[in-house]
Amino acid sequence: MLVSAAEMINKAHEGHYAVPQYNINNMEWIVSILKGCEETKSPVILGVSEGAAKYMQGFKNVVAMVTQIHDNMGITVPVALHLDHGSYEGAKACIEAGFTSIMFDGSHFPFEENLAKSKELIELAHSLGKSIECEVGGIGGEEDGVVSAGELADPAECATIANLGVDFLAAGIGNIHGKYPANWAGLSFDQLEKIQASTNGKPLVLHGGSGIPSEQVKKAISMGVSKVNVNTELQLEFAAATRAYVEAGKDQQGKGYDPRKLLKAGSDAIVAKVKAMNTDFFGCAGKA
Ligand code: 13P
């Protein structure tokens with residue numbers, strides 16, 4: 001059974017480790033991530049963006065696929081199915097479709113509107129036993145080709161949203177989605193400290209978890225980050241392993257073109273990366 005992410009995140013916050021959110025894109029991602037987390041005995045959050053859900057034929061199909069694969073694999077570690085960067089409408093649709101956790105990203109709205117919508121969705125999610133993440137301020141990243149240095153959230157706004165009873169909070173501390181530019185300034189631990197203090201120790205979420213040096217990830221976790229989101233890293237691993245398979249001409253040997261073989265190298269690379277990150281970065285191995 002898929003579970004809310006609240007309990008696993010609270011345990012991680014108390015235990016000073018992080019639960020990974022690995023974003024899923026298709027069946028291979030779901031199987032590989034679950035395999036890696038089962039092998040390291042790690043709790044996990046499967047994140048789904050609205051775009052990825054559309055690609056996978058809708059929220060209901062995502063719920064059906066994840067539930068069926070989870071049961072068929074006999075997964076024993078806690079698994080939450082979470083909407084990533086949800087719109088107001090998307091969050092409601094996911095609650096309806098059977099997601100166990102949602103993120104409402106109202107960070108692009110004027111703060112009062114973000115606050116009102118967050119409040120409504122927190123009440124709705126909690127009335128149905130689902131966990132919810134909200135976001136304050138921008139996270140940064142590449143938009144229309146412009147790379148940001150990473151935005152910083154306002155600690156006072158973070159406190160206001162935290163006080164609504166949100167389960168975990170996404171707040172910019174200089175992090176960026178996608179690949180980090182060579183001249184990136186790094187995470188702002190001063191900001192993280194201020195946000196953690198202003199929110200009375202609310203579990204925080206680090207978006208853009210791909211490519212941050214491990215000592216910075218570990219320090220952020222020790223200071224109150226309890227969920228780290230990873231998408232790009234697994235995509236790069238999958239692409240590199242698939243490219244190597246094709247460049248070695250393996251798709252031309254025997255039935256190497258069969259998708260079950262063609263996609264296996266990339267899928268195995270995802271399993272290996274998930275296991276390595278759970279063990280080396282997030283400290284969640286053996287915490288299930
Ligand atoms: P990356 O793609 O940079 O790992 O970011 C993932 C993320 O934060 C999803 O919300």
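These figures come from a predicted structure and were not determined experimentally.

Q: Describe the site of the ligand, and please don't skip the residues or the numbers.
A: Taken together, 13 residues lie around the ligand, and Asp-84, Gly-178, Gly-208, Ser-210 and Thr-232 are the ones closest in. Interatomic distance of 2.5 Å between a side-chain N/O atom of Ser-210 and an oxygen atom of the ligand. For the shell around the ligand, a count of residues per class yields one nonpolar, 11 polar and one charged.

Q: Before we move on, can you summarise the pattern of salt bridges with the specific residues and values?
A: Any two side chains of opposite charge can pair, so long as their charged atoms come close to each other. Overall, the coordinates contain 11 salt bridges when judged by the stated rule. Salt-bridge contacts for Glu-233 lead to Lys-273; the nearest nitrogen and oxygen are separated by 3.5 Å. On the criterion of sequence distance, the pair formed by Glu-233 in helix H10 (residues 232–247) and Lys-273 in helix H12 (residues 264–282) is long-range, its members being 40 residues apart. Since its relative accessible area comes to 16%, Glu-233 is described here as buried. The partner of Asp-258 in a salt bridge is Arg-260, with the nearest N and O atoms 3.4 Å apart. Residue classification places Asp-258 among the buried positions, given a relative accessible area of 18%. Residue Arg-260 is classed as exposed on the basis of its relative accessible area, which comes to 71%.

What counts and what doesn't
- Residues numbered from 1 in each chain as written.
- Predicted model: local features only at pLDDT ≥ 70, side-chain atom pairs only at ≥ 80, totals over all residues.
- Heavy atoms only, no water.
- Near = heavy atom within 4 Å.
- Polar contact = N/O pair within 3.5 Å; in protein donor to acceptor, adjacent residues only side chain to side chain.
- Nonpolar A, V, L, I, M, F, W, Y, C, P; charged D, E, K, R; others polar.
- Salt bridge = Lys/Arg side-chain N within 4 Å of Asp/Glu carboxyl O.
- Helix = DSSP H or I, 4+ residues; strand = E, 2+ residues; numbered from the N terminus.
- Buried < 20%, exposed > 50% of the residue type's maximum accessible area, 1.4 Å probe, protein only.

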